[in-house]
Structures are given as structure tokens and as C-alpha cells.
Amino acid sequence: MDLGLKDKRAIVTGATRGIGRAIAERLTAEGARVAICARDADAVTEAVEQLGGSTTGGAVNVRDADEYKAWLEKTAEEMGGVDIFVANVSGGGGMDSEKNWWRCFELDVLHTVRGCEALLPALKESGNGAIVIIGSTNAVEYFGGPMAYNAMKAALVNYSSQLSQFVRGEGVRVNTVSPGPIYFEGGAWEMIKGTMPKFYESTVRKIPGGAMGTPEEVANVVTFLASPAASLVTGTNLIADNGYTKRVQL
Ligand SMILES: NC(=O)c1ccc[n+]([C@@H]2O[C@H](COP(=O)([O-])OP(=O)(O)OC[C@H]3O[C@@H](n4cnc5c(N)ncnc54)[C@H](OP(=O)(O)O)[C@@H]3O)[C@@H](O)[C@H]2O)c1
């Protein structure tokens with residue numbers, strides 16, 4: 001199946017490792033031109049080199065509104081437009097001071113909203129614009145207590161759905177992909193496996209598919225939704241969790 005991604009211009013936030021990196025790799029493999037960011041400049045340089053082709057990158061902290069907006073605008077200009085925006089950076093889990101609630105609000109919610117607002121003119125101009133927001137199954141089922149992370153991911157599902165209605169008439173689709181537990185070297189679940197093995201094992205036991213997902217499996221779903229092949233799909237929250245969540249999805 002041709003996803004129609006050749007020469008599409010894509011921006012992916014937080015893409016030097018893990019899920020964001022796999023999304024950048026998949027989009028590149030499909031022929032898209034990709035720009036990535038993360039805070040660690042050396043990691044950005046290395047990822048850009050390894051991704052190859054026309055990939056570009058910026059050492060950007062998305063929590064800094066001015067720096068982030070300037071990078072998005074510069075990148076959009078350099079690429080001659082933008083067709084795809086993937087909002088991937090997150091504050092991550094943790095229990096929970098008020099300071100952490102603000103941090104997660106800025107990293108999960110505001111980084112996504114600021115990115116969408118900065119890029120919507122270019123995405124509308126594209127005529128085939130697609131936004132994919134990376135959520136989490138923690139938004140829809142109990143996980144680990146009343147964490148800011150879970151609540152902010154839920155806010156993103158609502159934002160994504162509302163925005164999808166607002167901009168569909170102007171040629172932009174908006175979807176969320178909500179992964180369940182995703183295992184990779186250097187990721188949160190590798191750390192949990194080492195520090196809380198019982199919790200790790202009990203989490204795996206709740207997955208009917210028998211294993212946590214990989215970044216590549218999430219990237220496949222994101223790449224499809226970002227592509228013109230998903231032209232009818234907008235406003236959805238696609239759960240990618242190997243059966244981890246138990247609710248009936250209507
Ligand atoms: N892993 C899972 O099991 C899982 C499950 C469900 C949902 N998710 C979601 O999937 C997304 C990616 O998760 P992941 O596990 O792949 O994350 P990760 O391994 O922590 O990678 C995060 C990426 O974002 C960059 N980053 C972090 N803070 C940043 C900031 N302030 N500004 C710019 N870049 C920043 C990191 O590079 P620097 O550190 O150099 O900035 C890195 O490239 C998140 O939205 C997460 O909530 C993950």
C-alpha cells in the first residue's frame with residue numbers, strides 16, 4: 001500500500017530516541033522529509049546523521065515557548081511548508097507535587113497546543129495537513145494513581161477531538177495515538193523492569209498479547225494516520241496497546 005508520503009514535510013518533537021525516533025525513522029523510510037527536535041544537541045546531531053537524507057534537527061526545549069515557536073517557524077520556512085506535525089514530547093509520569101502538575105501541563109498540553117497553533121497556517125496551506133498527538137492509555141484507564149501525566153494525556157484527547165472538527169474544513173486532520181506500555185532500551189519500562197520487577201511483570205501479565213509494544217509498532221500506526229492514506233480518519237483516539245486496556249471501546 002502506498003501511503004502517499006513521498007516528499008511530505010514532517011515535524012516530530014522529541015525524536016532522538018524511543019517512540020518519536022521510531023516515528024521519524026518510519027516517516028523517512030516512506031520518503032517524507034523530516035525535522036526533529038530534542039534538548040540534547042549531541043543526540044540531535046547523531047539522530048539527524050543516522051536518519052540521513054534531508055533530515056534536519058534542532059536542539060530545542062519545547063518548554064521554552066519562544067525558542068520552540070522560533071524553531072517551528074524557521075523549520076517550516078526552510079522546508080517550504082509543513083504537511084505533518086507529530087506532538088510527541090511529554091513530561092512523563094510521577095507522583096505529584098503542584099510543581100509537577102505545572103511541568104506536565106507545559107510539556108504535554110502547552111507544547112502540543114503551541115505547536116498546533118504555530119503550524120496550522122502551514123498545515124492548512126498544505127491541503128493535506130495531518131496532526132498526530134501522542135497520548136497514552138493512562139488517559140482512559142487507572143494507572144499508578146492520580147498523576148498529572150494521566151490527566152494531561154486525557155486533556156490532549158479532548159483537545160485533539162475538538163481541534164479536528166474545527167480545522168477539517170480547511171484540509172487538516174487531527175488524531176491521537178494512545179500507546180499502552182512500550183518497551184525499549186533506555187526507556188521508562190526498561191528502568192521499571194530493573195527497579196520494580198514485580199510491577200513490571202504484573203503489567204506484562206495484563207497484556208493479552210503477551211508483550212509490551214515496541215516504538216516501531218507505535219510508529220507504524222502514527223505513520224498511517226499522518227498519511228494521505230488515512231484521508232477519512234480524523235478526531236479519533238487510536239489505542240495501540242496489545243489489549244492492555246480492558247474497557248469496551250464503542
Ligand atoms: N514509553 C511508553 O511506554 C509510553 C506509553 C504510552 C505513551 N507514551 C508517550 O509516547 C511519547 C514518547 O515517549 P517515550 O517513552 O518514547 O519518551 P522518551 O524515551 O522519554 O523520549 C523522549 C524524547 O523527547 C525528548 N524531550 C524530552 N523533553 C523534551 C523537551 N522539554 N524539549 C524537547 N525535547 C524533549 C527527549 O530528548 P532530550 O531528553 O534530549 O530532550 C527524547 O528525544 C510520550 O508522549 C509518552 O507520554 C510512552
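Please read these numbers as outputs of a predicted model, since none were measured by experiment. (Residues numbered from 1 in each chain as written. Predicted model: local features only at pLDDT ≥ 70, side-chain atom pairs only at ≥ 80, totals over all residues. Heavy atoms only, no water.)

What exactly am I supposed to notice about the site of the ligand here?
The ligand sits among 27 residues. The nearest are T16, R39, N61, N88 and Y149. Residue I19 places a main-chain N or O atom 2.9 Å away from an oxygen atom belonging to the ligand. When the ligand is considered free in solution it has 890 Å² of accessible area, and contact with the protein chains removes 88% of it. When residues of the shell around the ligand are traced back to their parent elements, those giving at least two are α1 (18-29) and α5 (148-167). In the shell around the ligand, the residues fall into 14 nonpolar, nine polar and four charged. (Near = heavy atom within 4 Å. Polar contact = N/O pair within 3.5 Å; in protein donor to acceptor, adjacent residues only side chain to side chain. Areas by Shrake-Rupley, 256 points an atom, 1.4 Å probe, with all protein chains shown as cover. Helix = DSSP H or I, 4+ residues; strand = E, 2+ residues; numbered from the N terminus. Nonpolar A, V, L, I, M, F, W, Y, C, P; charged D, E, K, R; others polar.)

How should α5 be read in this particular structure?
It helps to recall that an α-helix has 3.6 residues per turn; residues three or four apart then point in one direction. Its 20 residues place the ends of α5 28 Å apart at the C-alpha level, agreeing with the 28 Å of an ideal helix rising 1.5 Å per residue. Turning to α5, its buried residues number three or more, namely A148, Y149, N150, M152, K153, L156, S160, L163, S164 and V167. The inward-facing, buried residues of α5 abut α4 (98-126), β5 (129-134) and β6 (172-179). (Expected span 1.5 Å × (residues − 1). Buried < 20%, exposed > 50% of the residue type's maximum accessible area, 1.4 Å probe, protein only. Contact = heavy atoms within 4.5 Å.)

What should I look at first to understand the pattern of salt bridges in this one?
Side chains bearing opposite charge may pair, as long as their charged atoms lie close to each other. Enumeration over the complete set of coordinates arrives at nine salt bridges. Taking the shortest distance from any N to any O, the salt bridge between R63 and E106 comes out at 2.8 Å. With R63 in the loop between β3 (56-59) and α3 (65-79) and E106 in helix α4, this pair connects stretches of sequence that are 43 residues apart. With relative accessibility at 33%, the residue R63 sits in the partly exposed group. Residue E106 is classed as partly exposed on the basis of its relative accessible area of 23%. (Salt bridge = Lys/Arg side-chain N within 4 Å of Asp/Glu carboxyl O.)

Any chance you could explain the sheet that holds strand β2 (residues 33-38) here in plain terms?
Hydrogen bonds between backbone atoms are what pair the strands of a sheet, whose relative direction is either parallel or antiparallel. Strand order in this open sheet of seven strands is β3-β2-β1-β4-β5-β6-β7, and the pairing throughout is parallel. Edge positions in the sheet fall to β3 and β7 (237-240), since each of these pairs with one other strand and no more. The mean inter-strand angle of the sheet, taken between neighbouring strand axes irrespective of direction, is 15°. Lying over the sheet, α3 contacts β1 (9-13), β2, β3 and β4 (84-87), oriented at roughly 160° with respect to β1. (Pairing = 2+ DSSP bridges. Axes fitted to C-alpha atoms, helices over the stretch in contact; angles between N-to-C directions.)

Geometry only, nothing functional implied.
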